[in-house]
Every structure is written in structure tokens, then in C-alpha cells.
Amino acid sequence: MNARVSGTFAGQGELFGFVKGDTRPHDPRYSGDGVRAGQGRDATSTPERLPGGLIDRSRSLEFAFDGRSYRGHPGDTLASALLANGVRLMGRSFKYHRPRGVLTAGSEEPNALVELRSGARQEPNSRATVVELFHGLEACSQNRWPSLAFDVMGINDLLSPFLTAGFYYKTFMWPAAFWETLYEPVIRRAAGLGSLSRAEDPDCYDKGFLHADLLVIGSGPAGLMAARTAGRAGARVILMDEDFVLGGRLNAETLSVGGQMGSAWAQSVVAELSALPNVRLMTRTTVFGVFDHGIYGAVERVADHLPAPEAGKPRQILWRVYARQAILAAGAVERPIAFRNNDRPGIMLAGAVRTYANRWGVAAGRRVALFVNNDDGLRTARDLDAAGVDVAAVIDARAEGDRLPGIRHIKGAVVTDAAGRLGLRGVTFRDGRGREDRIACDCLAVSSGWNPAVALTSHQSARPVWDESIAAFVPSPNGPKGLKVAGAAAGVMSTHGALATGAARANDVLEELGLPTQKPELPEAEDAPVRLSPLWHVSGAGRAWVDLQNDVTVKDVRLAHQENFRSVEHLKRYTTLGMATDQGKTSNMLGLAVMAELTGKSIPETGTTMFRPPYTPVAMGALAGRSRGEDFKPRRLTPSHRWAAEQGAIFVEAGLWMRAQWFPRPGETTWRQSVDREVLGTRKGVGICDVTTLGKIDIQGTDAGVFLDRVYANTFSTLPVGKVRYGIMLREDGIVIDDGTTARLGEHEYIMTTTTANAVPVFRHLEFCRQCLWPDLDIQLISTTEAWAQFSVAGPNARRLLQRIVDQDISDAAFPYMACANVTVCGGLRGRLFRISFSGELAYEVAVPARYGDALVREMMAQGQDLGVMPYGTEALGVLRVEKGHIAGNELNGQTTALNLGLGKMVSKKKDAIGMVLSQREELARADGLRLVGIRPVDPKAVLEAGSHLIAAGRDPVAANDDGWLTSVVHSPHLGHQIALAYLRNGASRLGERLRAVNLLAKTEVEVEIVSPHFVDPEGERLRV
Amino acid sequence: MLIPHPILGLRDAQEFTYLGDAALIDRPDGLANPEAFHDYLYLRDNPAGIHRELWFHEQGDRSWIVVTRNTVTHEILGAVLAQDVARARGRSR
Amino acid sequence: MRFSALRVFREALTGHKGWTPTWRDPDPQPSYDIIIVGGGGHGLAAAYYLAKEFRRARIAVLERGWIGGGNVGRNTTIIRSNYLLDGNQPFYEFSMKLWEGLEQDFNYNAMVSQRGILNLFHTDAQRDAYTRRGNAMILHGADAELLDREQVRAMYPFLNFDHARFPIKGGLLQRRGGTARHDAVAWGYARGADEHGVDIIQNCAVTGFRIRNGRVLGVETTRGYIGALKVGIAVAGNSSTVMAMAGLRLPIESHVLQAFVTEGLKPVIDGVMTFGAGHFYVSQSDKGGLVFGGDIDGYNSYAQRGNLPVIEDVAEGGMALMPMIGRARLLRTWGGIMDMSMDGSPFIDRTPVEGLYFNGGWCYGGFKATPASGYCFAHLIARDEPHPTAVAYRLDRFRRGAMIDEKGQGAQPNLH
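Residues numbered from 1 in each chain as written. Chains lettered and ligands numbered in written order. Predicted model: local features only at pLDDT ≥ 70, side-chain atom pairs only at ≥ 80, totals over all residues.

### Some thoughts on the overall build of chain A
Each helix and strand in chain A was counted, giving 22 helices and 51 strands. If you line up chain A on its principal axes, its C-alpha atoms span 115 × 75 × 55 Å. Out of the 1025 residues in chain A, the part that is buried amounts to 59%. (Helix = DSSP H or I, 4+ residues; strand = E, 2+ residues; numbered from the N terminus. Buried ≥ 20, exposed ≤ 12 C-beta atoms within 10 Å, placed from the backbone.)

As C-alpha cells, this is what we get:
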């Protein structure tokens, strides 16, 4: 069918110069400059402004485009205001840098992209068709140099024979080195359209959640009718529209609804809906994606129509809409016809030309020709004629049918070429008898019919289906659950049809919601049938554009076919068709139709057009909301945080926690000085460290001991009441996930501690074991990490200090090593005391309810003055633990077994515990596997670096000789040199061996000796004093 | 996604943490052989279609639940407490 | 046909009439020596190397839909060999070396571009881990550099250095890392394989295997039965469902990973970058779009689409790292189905069915692995022994306890 239509008009076109009979040869637009001269002229005085429209003529807004200032009115878009000022040249295409004007009047615009605003607020690729005019608006054309009218890169257009689809896959390969050094840099420099400012976005963005019985997407006749029907029935309705005026196409047409102008009827419905408390109307809000289970993503542009957001207000809001039901009433998008030079500035979609005239009172040209294949396009001729615009001719591809009265209506003809590089000057057409003629015009309004806006219905992979009667794809019946479609989006193209389906779909929704359905009160409206004879492109010589922004021509589609890129997806990917910022809203269908012609298949056999979210591009800032900068993630603060800050502590991120890293004192100029002092001070006197961040889980119940035996590799049921034991926990695959101590405070009451990083995953794992594996064990779990403030008090004076705090006797006899108890502190406050040590010193951990943490640390510091008390941070904690060979996150990396850690014997094989069986697999149980060792530099002054690999002396630094790596490195003030922990192959039997710690990144190596990881007090005598 | 919590009703999936195949409930008992543990831990049916899977209501009531969901369409057919599933499958203590 | 600048020039002058199909569309033969199931990057590469390097003939690639429509056309185009573990790093470095000569080898410009990949770190522990990793890379013959904060700032001054929640402390840079034009990789291999006589058969879904006495005889397809001496499966994303037809269960789950691109922007990011305090990695394509990704959605899925929370999470990571992108617009999101394995590493191995070979479990690592995966799979099929760089990718490694777990997350696929 398509081949027949276009084949009829096959022939050659030719370029031509000035159009004969051009009535205004001296118009500046005809002299090659697409922009009129003159600064700051009042738009109302321009010949392009027509009477009428939804603009506020009482006020005038000044704006600038490419540094020239113009005037428009409230209600204008940038595109309508530019057209009103006679500016038709608005952009350049991506590849060939062809001069371009505006094609559409909506968000589907491929051509008129500008950089909006300046400085840090610069917004690249803004579609002039949806930019609301405001006073002081600044916009610049993009992808051109040095100017829009004269663009050096326009050379690409002359080179176009070489720059066909996919040419780059076939060349730039020799010599190989030239790709990165020459070819690609040149290509990259030419890439892109607009530019980012490179400065931080100064505006803020919010996120919100909305819940509705019914979400109506689009506010044309179908959407308004749906919202009114459901709203009157009492449903919670949200109506969203991307436009700043509700009414959809009713604002763009001169059709009457219920005996009044369509736009007036729309306003009356809007007024009624506004008064309903259960209906929320949201303009400037685009529903961009349909997600699972009735969740819709929408962006409200709160302040894009203002010079800057009001103080304290966001620029945009991302709404997550939870809708029980939704009705898509997004209308339809008109499609162009491809013919030679169909990309000239001034060639526009017929519906858009009509919109500019009716809604904005702007004549897109002074002498307008039309090229249509359907009745809807004729409306443009009638409306323009009625508005007093000179309609040069209607070139109608259909031979049949009535002629428009009073207008030159050429039937059975097609446009074969267009002239006017920077602005249309005329078109050539060929009539049914093959005669060519020319018509002077500065605007050509083109219509090839309308595509229902099915995008949202295909977001969940449903493929649209072909409707022969309108020659377009309509929504699949298997679209997202809960999403119904009404009006033109459903392929129902008349106003009456839109009103009727809007009401009907709303009643369907009401029925599903169990609300009373409404008797539709349908206002009278036109119900014209779609009369259309498909025509996609006019064949002939020269280039005819399919995708305007990405410069994909009919020839490119043909080449893709020739090279076997025939499936729609191959076509898209090979030619870049539909990959531009408009997602091919005006081009995909055309490309598909051309491919169908070439393959001889029907369009639905050739493929469908699919759309991915978002419907229109969404600002990254809106998707991120407030989660950026310092607020990217919340900060968790320990109970002693404020006190530590007062002490001048340096804080460090530990997951979401902020922990004191060290506490500098006057005179200390490096962090090492502070850390050394804290370490030595702790080992000599007493140090205090906030360890609240460690996970704490209370485990209670008669089966608590049994449970612990199953989740820990070692045994806990035998632990006496009042005692603490160190435990290691395995994943089911036998790898260590966590270590920590668990205290038995009562017969059926244990308190488990986890590492800071694993507090959440360990708790989740325990709940999995409790609920999914052993649901009838009598145990209860509760995470009390945030409930208790906990401090480590370590050092020879720890007991003396704590005895001043704790009300009970904590002498070694009364409270020996590894004891635990509920105690009271400071004269009656409940607390918990554990005699455990990470530092290797006589040490305790004391816990009080979190709200007393600040008071407790202050009290301990006050009480310990004479004992040399000092706070220490995570750095000193790290030094203390490495000196003792205790493992932490760097060793517990999710890849190591208990055997690797030298704790293999802790894994009891007598009981069923998570991970025991699989921990015994051959590769995990290798005798010569990795073992945790201590590392000492042979030269005490040498500097070690964590992450260095261990290589035997005399061996090359290659993978085959890689014996292990340094996990943690600290300076031990106690020993006066650096020490490290490392994983070493066969490490258990290599004590005393000398190796090289090689850091190939820094190109350093240090001779090291393998030693026991217990650098300080290996016998643990200090613990037990 | 929205998950129909058997006690709390429809909740946003973001409140939950996902684990995977509900077959993880069927842990081999006692000191079973390594092969049984291997199959239990590592092998999955991974169907394209109906999948019974474990979710943890981490930002909620801490229930583990078994959700029946279609992995092709994401449609959810139901959810029950994992504890009940475990008991029904003979797990106890 | 040989592609060259001269050829492009000549065709331009003669109306591009001489270009021929990039691959033929033959009807399937009744039988082949080797059938590769899956016309994605790995399958096409395997067929190419089987024909070209291992001199095998009578090879077919069977593709359910259109070639290159799976993950090779749905990824963020990153190539790198910055792995940590012995099981992985030699393989990915082999892949990198193949990338470096790929275009000359198959005479197709896949735009392999080594503009560098920078992994940022934000804590001391991350720095230690990257030091270990960087050394492991160099030990295996790859390149790596550790940058401090100021060196990172010099490369990318627009990153958030001044008020970040997780300040940038430095980065691990692999200069040989970069990007390649993903679709072109599939097409280049297809074209190369086709030129070497491989039949690429699109719209031909495998519906079953014919197996007798433990040996594969051929495959049932929507275009009829096709016999084969050997059958190689390379259908990552759908591995479980295809292998189930041969009665095999796999240590794999299917998950959706979303990818993202912004509108075209003038060049601003030269190389590839990964955020170390959130889920975000990004590069800028030669067309100008910022191409980025993050974490998988996290639940089993065969739908090539994801949900909003991950989109937001990724955007948050992006904004935290690069506050200048607030006014860049997200143009398109899409999803690919990942074979998420139990340790985050892939498989290239024989199966218990004689003559049936398996390639899958690529997790996020599939695209960068394409050349080596194809080569090693071809090696295994042709010679019945694993390629030296892929010996660790055995299906039985979990029985032996020889996991290759880069992230240390254990048998939970959605955490890898």
C-alpha cells in the first residue's frame, strides 16, 4: 500500500533559487538571515501576531535569544514568541548541522533545542516549544559555531555523501593508534548538542508521594471528561498534564464543545474540578514512566517558568504516584512526510501551525502552504484562512474528496522539494499528471496523520498493535495493569470520541473501585471520521529526512536495509533513528514505514515502535532530590558525638556512622602524634572509646543457647551465666561473616555484639534462621544497637576509673576477665558491664541507655583526670587491635574462612551450625592456604603500605609468585616501628621467613619478616590483672 | 513494586530486603552431606514465570515473607509469612 | 568485503550501491558440526573464533530474535581488566588484549576507546583494598595507577570535592580501560563470522535438546530440528531456562540491571568513572550522552525493565558525585537480564551432557569479557579443554569450595 502511494510520485526533484512570483523578495528572511533585524520590538506589532489566543496581551515580557532581545506575552512559549518575532531559525541538527526551525508545538519537538538561562542554571537541550516565556528569559542556540546563521560545522552537510549511516564502523581503523589520538578526539569534540555549565546546580529538588484512586494523564477532552466523571462520583482523582494550561488540543483548535469554544468548555470543566475537594489538578507535570503495580513517576516543574525558584521552593518535584487505576489521555502526535529537503526552517506539522495560530495568535508564516494526506490537516488551512493568513495552497496527496472552498486545493499532488536554507522560501510540488510547479511560501504545514501517544502503554513491554483504519499503532490490550486508555491516545480521534471514551473509561474505573458509575453528560462535539490515505515519503533524488534531530534520511534507512539491518531494532541502532532527545516521537513511525516499503512487508509485520521511560527527558536533579552533597546519605551520630566535637575530634565516616577518628591536642601537628599519644596513653593509663556503633542484639528465650550454637561456629550453650565468649559466625558457604562477643546475662538471656558494618545483615540473618529455619525455637530477637550507649574503657587504670563509676564491686575477684553483669552506675542508673578487651589491655565495655551516653562520658573523663584518662578514636583503636592481632573489616572481607584467620579450631564439627559443612570443602580446607600472620619490617624505619603483596626474595613480581598481601598496617608506638597483618600462603609454617612487601603502584618494596600477629603481650597477661 | 504483606497489607517494596528463592527454607537437616548443602545453597530453578521468593520486611515488622511473583511480568499473586511456610514444610526447631 | 576509508570514499562517489549485507540470512542446514545457541556478543564471538582461529567449519549461530538484542546491546559499554582475584584477572586481561587488536582483526570499527577507567575511593579501607587490587592487576600484566585526591581533582575538577558526604580520597586508574561501541561489537563479530562461513540464523528459537545416552545430538528449534556434533550455549540472562531443557540446574539467578543515558551534551567526561560510596558509574559516549548505571534492581526478573527506586538511587549517586549534572536530563532507561551467579563470576565449561558446553553467569562483567569469552569458549569447544585463562570458570567450583568471589558476598546473587 505504502509502496504504491509513494511510488506514484517517484520522480526527481531539483534545487532551485528564488521562487518565481515571490511577493516579498526584500524581506530580510529571504536574504539568508533567518533572524529579523531590530532590537526589542514589541511582539504585538509584528505582522506575525494574529488576534485571539490564550495570551495576556496586556503585559509584555522581554527575552533574549542569541543575545538579541525580543518581546512576547504571558502565555507564550519561547517558540511561539520567537515565531511572533519572525524568528524561524532556532537550531542546528546534530550531524550535518543543518539549519532548523521549529517543527511542533509540544514536547515532541526535535529541532528547536536551546540552551536556556545562563551560568550555573544553564539548561542544555531545552525544547523551545515547551519553555514558558518569562521576563528576562535568556536562550542561546546550540551545536553551532560561531553563530546560528553561519555554522562552520555546516561543512558536514557538504560531506554528507561520506557520512552515511554507520560510515564510522567502516573506517578510522588504520593505523590503530590514530583512533584514540586523532579520530575519536575529533568526533568527540563534535559530539553532543547543548553544554553543561560544569558548575553545581544551584537549585534544589524535592520528592513526594501521592496516592489516588484514579490518575488521569492528560487534560484534553478525554482526560477532562474522565476526571469529571470520576470526580463527581467521589473518587480521589489526580489529573496531570505536562502543559501549563489545561485543555490539551481544545486550546489549539477552533472546534466547539457543548456550544462554546472548546477552550472555554475546558476552562469550565477545570473550574468545576478545582472546586471538588477530591480532585487535584497538576499542571506542568509530566507522567514520565509507568512502573510495577500502579506506581507512576511524574515530574512537576514548579519553577521552570520563573527566572529562578522562589526562596525555599524547589525547582522541580519528583512525584511517585500510587494509583489504583489510571487513564491515559495523552492525545496523539502528528507525523511528518519525508520529501527532499523537508527539514527546512518553516516546514512544520500542520497541527502545530494551527496551534500557534489559535492558541498563541501567531502566524507561523505570512504565506503558508500545506501538504497533507488527511482531512485533519485541512483544518489548518481553514483556521489560517479564517485568521487572515495567506494560504498559498493545499497540496493534498489524495486525488479523491472535496476541495476546500476559497482556497487553492491541489488534489493528487505531492511536495517534491523545498528551498530556502535558513528559512523556507518555497516548495516544488508535482501533481497527479506529473507536472511540477512551484509555490512561494515561508511556511509549509505538513500532516501525514496522527500517532496515538502510546508511549506509556509500552513501558512494561506491551507492543502496540496496528490499526489500519487510522494507519497508526494503538495501545496493546495487554498494557500495564490498571492503565486504561481514552481519546486520541486510544486511537479515537474525534472530539466526541475523546469525550465519550474519557467518560466510559472513567466509569469502568468507578465500577472496579466499587463506586457509583455516572451517567455521562456528553457535550455536543464534532465527530469527524479519520479520512486518510497513508503517505510516508515522496521518493526522488536528494535527501529526505526521517529523524530530523539525528539527521537520519530515507537514504540511510535504505542503506540499513541494503546492509541487512532490517529488524526495527537494528535499524534504530545502525542509523540512530529515534535515539535523539525526542525519542523518535515524530520519526519512528516514518522510519518503520520506509523499512516496510523496502522489505515489501506490511508495517505491523516489519515491527512496532516501542518506547522506554522516561516519556520526556527528566532532569537528573529531580530524580536525585535532596540526596546530594552532604545530604547524600543520613549521618548517624554516636551518643558522645557532641562531647567529642567539643574536644575537637576529627570524625570519619564508618558506613552511615560518624566516629571520632582522633582527638588532636594543642601542639600536635600531625595525626600520627595524636594517635601515638592516644595509644600510649591507653596502654599506660586509661583510654575511653565510644563503641556504640557495634551492633547489639538481645536474644532471649528458653532456646537461646540452642539457637546461638546453630548460628555461631563455636558453642555458646555451655557459656556460664555472667560470662562472655568470643564467637565467629559463618555464612552457609563456610566463610566468616562476622565476629564479636556474646554475653550471657541470664539463663535465657544473651547479648550478641556484631561489627559496626554487619549489624544490619547479621540481624537479618538471625531473623532468617529464627523464622525460616527453626520457627518453633523459643527465642526472641531485638536489635538494641541504638538503645545503648557503649564505651570501651581500656588500660591499666581502667578498673580504678570504672570503680568510681560502677556502683558494684568490680575487683578481679568479683568481676574477672570475661565477666558480664547488669550493674548500676553513678548511683543507680541501670547499665551493663562487660570485661572484654579489643585493645589487649585490662578493659571493660560499659553501657548505659543511649540518652545517658553523653553524661557518662563526661563523668568518666572528670573522674579519670588523676588516672591519665584520655579519649581515643578509631585510629588508635586500629593500632591497639593490630598490635594484638585482632581482626577487623580489612581481614573480614567476605572471602576468608576461620582457617584463614587461624581460628579453624573454633569451628565445632560436633554440632549442626550454619556454614560448618561447607566450610570443610577441599579448597577451603587446604593446609597450604592463606593464613593470618604478623609482619615486621626488617628495617624499623621502613614504611609499609596496606595492599602491598608478598613476594619471596629473588622472585619476579608476577602473579605466579604472589604469596599474599598486607591487610592492615599501623605504626606501633609501643614497638617504635610499623607492623602489619597479612594473609600469607601456607603462612602458619612460615614464621621467621623474610619476604618482600611489594607495592607496584608506588614502585616500592620493603623487606619484611613473618612474625606472630600478637605483637604486644602475646600471653594476654595484661587482660587478666 | 508493592508487596501485599500478609499482616500489614500493601507495602512499598523498598521497605523490604530481598533474599531469593524460597527453597532456602529447605535447609538440609543436621550434619547432612556436603552434596545436599551444595545443591541447597547453590542451585536454583530460576524460573521465567511463577517464583516463590523470600523478602524481609526490614524497614517494618521484621517478618520474613514468601512472595509468589511472576518474574516475567512482576505480577504478585500472593504473600504469606515464611514462618508458616516453614512449619508447613515440616520445619520446627 | 574489506572496509576502509578508501572504500567509504569510493562508495560515496558511486551512490553507496556497493555495500552488501553485513551478514547473510541463510536458512538453517539439517545439521552442523557446531551450533552456538545465542546470537549475542559471546555467541557471535565464539563462532567467529571457532571459524577463524580454530579453523572449524559447518558452524551455525541460532538466535531467538535479532542478533545483538540481548545484553551486548543493553550495557554501559565499559571495558576494563581491573579485577582482583587470580581466577578472574588473567581472563579479563586476555580480553583487554583482544579488545586492543579487535577492530583490525575483524575489520570493523567497534570504537574501542581506551580513555581510562577510574574507581574512586572514599575511605582508608577502600584505599587499602584498591592498593591490593592495583597490585594484583600489575602482577597479572595489566596496568594500574593509584591516584590521590589532588590527582583526581586535576582529571575531573567538577567532581564534588568540597562538601561531599563521603569525600573523595583518590582513585584506582586503569588507563587501558575505556569503552567500546556495544552494538558494533556484535555486528563486527557477526560480519566476521559470516565471512568465515558461519550461518547466522535469526528468529530461530531453541525449544529443546535431543540427547541420547548422555550425548547431545542436536537442537529442536522453531525452524525445525537441527543436528549437531557439539552445541555451545551462550544465552546469558536466560541460561537457566535454556539449560533446564537439557535437565540441568545452574548456580545462577536472572536479575534485571538498568542502564541509562542522558540527552547529548558537549564533551565533559573523558573517561569512565565509578563512585565508591554509592551505586553509580558513568562515561560519555562519542555522541555526547552520559551513559551510566548502578546496582541491579535486586529481585529475580526476566523483564527487561526495572523500577523507579533504582533509577532514583542511581541518580542520587550521580548527583552526589557530580553536582553539575542536575540540569542534564535523563533521556532513556532500559533493562538487561543478567545471569547473576553464586559468586559473581562466570562459567565456561563442559556440562554433564557430552557435547553440550555452557557459557554464562556473566553478572555485570559480560560486555568487557566478550572477546575472551568467545575465544575461550571456542577453545573449549574446539579442543575440549579450557583455555588457560579460563580454567577457574568451572561449574563444579562450588563443590570444591573454589569460589571466585570478588565482592565477598557469598551465595547471594543479587549482592554481586
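### Describing the overall build of chain C
Looking only at helices and strands, chain C has ten helices and 18 strands in total. The C-alpha atoms of chain C give a radius of gyration of 21 Å, which matches the 22 Å a tight globule of 416 residues would have. Counting only C-alpha atoms, chain C reaches 65 × 60 × 40 Å along its principal axes. Burial statistics for chain C: of 416 residues in total, 69% are counted as buried. Restricting to contacts in chain C with at least 6 residues of sequence separation, those with at least 24 account for 75%. (Rg over C-alpha atoms; globule rule 2.2 N^0.38 Å. Contact = placed C-beta atoms within 7 Å.)

### Re the interface of chain B and chain C
Contacts between chain B and chain C engage 18 residues on the former and 23 residues on the latter. Those elements that provide at least two residues to the side of chain B that touches chain C are β3 (17-21), α1 (34-42) and β4 (50-56) of chain B. Broken down by element, the side of chain B that touches chain C gets its largest block of residues, three residues, from α1 of chain B. Residue classes in the side of chain B that touches chain C are distributed as seven nonpolar, eight polar and three charged. (Nonpolar A, V, L, I, M, F, W, Y, C, P; charged D, E, K, R; others polar.)

### Overview of the packing of helix α10 (residues 554-562) of chain A against helix α12 (residues 588-599) of chain A
Residues and elements named next belong to chain A. α12 packs onto α10 with a crossing angle of 45° between their chain directions and a minimal axis gap of 10 Å. Between α10 and α12, the interaxial angle falls into the category oblique. Regarding α10 and α12, the two cross each other, and that crossing is right-handed. Residue-level contacts link V554, V557, R558 and H561 of α10 to G591, V594, M595, L598 and T599 of α12. A breakdown of the residues in the contact of α10 with α12 according to their chemical character gives five nonpolar, three polar and one charged. (Axes fitted to C-alpha atoms, helices over the stretch in contact; angles between N-to-C directions. Parallel < 35°, antiparallel > 145°, perpendicular 65-115°, else oblique. Left-handed = near helix turned anticlockwise from the far one by under 90°.)

### A look at the sheet that holds strand β50 (residues 994-999) of chain A
The strand order around the closed barrel built from six strands is β46-β49-β48-β47-β50-β51 (chain A), with neighbouring strands paired in antiparallel fashion. Within this sheet the neighbouring strands show an average axis-to-axis angle of 45°, counted without direction. (Pairing = 2+ DSSP bridges.)

### Focus: the interface of chain C and chain A
Listed per partner, the contact involves 87 residues of chain C and 96 residues of chain A. Elements supplying a minimum of two residues to the side of chain C that touches chain A: α1 (5-13), α3 (89-106), α4 (124-139), β5 (145-148), α6 (182-195), β12 (252-264), α8 (308-321) and β16 (329-341) of chain C. By residue number, the principal contributor to the side of chain C that touches chain A is α4 of chain C, which donates nine residues. Residue classes in the side of chain C that touches chain A are distributed as 38 nonpolar, 27 polar and 22 charged. When strand β31 (residues 618-619) of chain A meets β16 of chain C, the two strands line up antiparallel, connected through two bridges. The partner of A619 of chain A across the bridge, within β16 of chain C, is R329 of chain C.

### Overview of the domain arrangement of chain A
Domain parsing of chain A yields domain 1 (32-200), domain 2 (205-332 + 453-513), domain 3 (542-606), domain 4 (695-784 + 903-919) and domain 5 (927-1025). Here the C-alpha centre of domain 5 of chain A lies 67 Å away from the C-alpha centre of domain 2 of chain A. (Domains from an automatic or database assignment.)

### Some words on unusual backbone geometry
Note: most peptide bonds trans; most residues except glycine with negative phi. Here W145 of chain A and P146 of chain A are connected by a cis peptide whose omega angle stands at 5°. Relative to the helices and strands, P146 of chain A resides in the loop between β7 (137-141) and α3 (155-158). Between P613 of chain A and P614 of chain A the backbone carries a cis peptide bond, its omega angle lying at -5°. Turning to its location among the elements, P614 of chain A is positioned in the loop between α13 (603-606) and β31. Backbone geometry at N125 of chain A places phi at a positive 60°, although glycine is not the residue there. Relative to the helices and strands, N125 of chain A resides in strand β6 (residues 123-127). You will see that R55 of chain C, though not glycine, has its phi angle at about 55°, which is positive. With respect to the helices and strands, R55 of chain C occurs in the loop between α2 (41-52) and β2 (59-62).

### Describing the environment of D854 of chain A
Mapped onto the fold, D854 of chain A is located in helix α20 (residues 853-863). Once the C-alpha coordinates of D854 of chain A and T718 of chain A are considered, the two residues, 136 residues apart in sequence, prove to be 36 Å apart.

### Concerning helix α6 (residues 262-275) of chain A
Residues and elements named next belong to chain A. Look at α6: 20 Å from first C-alpha to last across 14 residues, which is about the 20 Å you get at 1.5 Å a residue. Within α6, burial applies to G262, S263, W265, A266, V269, V270 and L273. Here the buried residues of α6 occupy an arc of 155° about the axis, which is enough to place them on one side. More than 90 degrees from the buried face of α6, the exposed residues found are A271, S274 and A275. (Expected span 1.5 Å × (residues − 1). Arc of directions from axis to C-beta.)

### A look at the domain arrangement of chain C
Reports often express the size of an interface as the amount of accessible area lost when the parts come together. Residues and elements named next belong to chain C. As far as domains go, chain C holds domain 1 (17-77 + 183-251 + 343-415) and domain 2 (111-180 + 253-341). One C-alpha centre belongs to domain 1, the other to domain 2; they are set 28 Å apart. Of all the elements in the fold, those that place two or more residues in the side of domain 1 that touches domain 2 are α6 and α7 (239-244).

### What to know about the sheet that holds strand β21 (residues 414-419) of chain A
All names here are of chain A. Taking strand neighbours across the sheet as the criterion, the three strands line up as β21-β22-β23 in an open arrangement whose pairing is antiparallel. Of all strands in the sheet, those with a lone pairing partner are β21 and β23 (436-440), marking the two edges. Adjacent strand axes in the sheet meet at a mean angle of 25°, parallel and antiparallel pairs treated alike.

### A few points about helix α5 (residues 221-232) of chain A
Residue and element names in this part refer to chain A. Over its twelve residues, α5 extends 16 Å from the first C-alpha to the last, a length consistent with the 16 Å expected when each residue adds 1.5 Å. Within α5, twelve of the twelve residues are buried, leaving the element largely enclosed by the surrounding structure. Listed in full, the buried residues belonging to α5 are P221, A222, G223, L224, M225, A226, A227, R228, T229, A230, G231 and R232.

### A look at the confidence of the model for chain C
Considering every residue of chain C, the mean pLDDT works out to 97; 100% of them sit at 70 or more. In the predicted complex, the global pTM is 0.95; the interface-specific ipTM is 0.99. (pLDDT = per-residue confidence, 0-100.)

### Comments concerning the confidence of the model for chain A
Here chain A averages 94 in pLDDT, while 96% of its residues score no lower than 70. In this model residues 1-43 of chain A is a low-confidence stretch, pLDDT under 50, and it forms 101 contacts with partners more than four residues away in sequence or in other chains.

### A short note on the environment of A455 of chain A
Residue and element names in this part refer to chain A. Structurally, A455 is set in the loop between β25 (450-452) and β26 (465-467). Assessed through the 27 C-beta atoms surrounding it within 10 Å, A455 is described here as buried. In this structure A455 touches F611 and Y615, once residues within four positions along its chain are discounted.

### Some details on the pairing of strand β43 (residues 829-834) of chain A
Residue and element names in this part refer to chain A. Summarising the sheet, strand β42 (residues 820-825) and β43 pair through six bridges and their orientation is antiparallel. Note on β43: the bridge partner recorded for T824 is R830. Hairpin geometry of β42 and β43 is characterised by an intervening segment of three residues between the two adjacent antiparallel strands and by a positive phi of about 50° at C826.

### Some words on the pairing of strand β51 (residues 1004-1011) of chain A
A regular strand places its side chains on the two faces of the sheet in alternate fashion. Residue and element names in this part refer to chain A. As defined by bridge partners, strand β46 (residues 930-937) adjoins β51 across four bridges and the pair is classed as antiparallel. Bridge pairing in β51 places P937 opposite V1008. Pairing of β50 with β51 involves six bridges; the strand directions are antiparallel. Its bridge partner lying in β51, V998 is registered against E1005. Between the antiparallel neighbours β50 and β51 lie four residues, among them K1003 with a positive phi of about 55°.

### Things to note about the packing of α3 of chain C against helix α9 (residues 366-383) of chain C
All names here are of chain C. Between α3 and α9, the least distance of the axes is 7 Å, while the angle of their chain directions is 100°. Viewed along their axes, α3 and α9 adopt a mutual orientation that is roughly perpendicular. Along its contact with α3, which presents F91, Y92, F94, S95, L98, W99 and L102, the element α9 presents K368, A369, P371, A372 and Y375. Looking at the contact of α3 with α9, its residues break down into ten nonpolar, one polar and one charged.

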